[in-house]
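Descriptive analysis of the structure
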Amino acid sequence: MDETQARVRPRTDGDVEACVRALEEVHRRDGYPVNWPARPGDWLSQASALGSWVADLEGRVAGHVSLTHATEGDVAPALWSERNGTNRERAAVVGRLFVAAWARGHGIGALLMDRVVEEARRRGLHPVLDVVASDTAAAALYERLGWTRLATVEQRWSASQVVTVHCHSA
């Protein structure tokens, strides 16, 4: 394999530590995730019910994405299902997407998104996601990839935190 070309593969338990290191850098630089989890390895793993993938570049973990079933508080699946006259269980939620700062500019975000969309469709599910409105780079990626913004909504994440998010559908 050409080490300068990114490759997407299923995440293994052995990748979690490298993913957490990359996520720490992304959090410091870009503010994602908005609230740093007490146990970031668990936070990454919680969202992997349908799968998680990493991108390798130059022999290092360069990015991450997960796919999960819709949960009670997920707005994007509800919006998508209402708009399409189907039930929210037919949606799959894309999450925990990040690309290490050192690996940006190699199309890794698009590769990870292609892989997660392929997996959702293989399972007969429709991929949806939400993104914090202040994360303009991520929103631009989704729109460049042809995703549709369903709505912009306010979500209460805690008693003292309300966040504006854009909900998207593939």
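Here, the structure is the one placed above.
Examined bridge by bridge, strand E6 (residues 148-158) and strand E7 (residues 161-169) share nine bridges and lie antiparallel to one another. Counterpart to Arg149 in the pairing with E7 is His168. What sits between the antiparallel neighbours E6 and E7 is a turn of two residues.

Before going further, it helps to examine the sheet that holds strand E5 (residues 126-132). Think of a sheet as strands paired side by side through backbone hydrogen bonds, with each pair either parallel or antiparallel. Strand order in this open sheet of seven strands is E1-E2-E3-E4-E5-E7-E6, and the pairing throughout is mixed. Of all the strands in the sheet, the pair left with one neighbour each is strand E1 (7-10) and E6. Going from strand to strand, the sheet's axes swing by 30° on average, the running direction of each strand aside. Each of strand E2 (51-57), strand E3 (60-69) and strand E4 (91-99) touches helix H1 (residues 16-30); the most contacted strand, E4, lies at about 75° to it. Against the sheet, helix H3 (residues 75-84) makes contact with E4, E5, E6 and E7, and its axis sits at roughly 140° relative to E6, the strand it touches most.

Turning our eyes to something else, we now look at unusual backbone geometry. With an omega of -5°, the peptide bond running from Tyr32 to Pro33 counts as cis. Turning to its location among the elements, Pro33 is positioned in the loop between H1 and helix H2 (40-46). The phi dihedral of Glu58 is positive, around 55°, even though this residue is not glycine. Within the secondary structure, Glu58 is located in the loop between E2 and E3. Glu58 gets classed as partly exposed once you look at its relative accessible area, which sits at 44%. The backbone of Arg96 sits at a positive phi, close to 55°, despite the residue not being glycine. Among the secondary structure elements, Arg96 is positioned in strand E4.

Parameters and conventions
- Residues numbered from 1 in each chain as written.
- Predicted model: local features only at pLDDT ≥ 70, side-chain atom pairs only at ≥ 80, totals over all residues.
- Heavy atoms only, no water.
- Pairing = 2+ DSSP bridges.
- Helix = DSSP H or I, 4+ residues; strand = E, 2+ residues; numbered from the N terminus.
- Axes fitted to C-alpha atoms, helices over the stretch in contact; angles between N-to-C directions.
- Contact = heavy atoms within 4.5 Å.
- Buried < 20%, exposed > 50% of the residue type's maximum accessible area, 1.4 Å probe, protein only.

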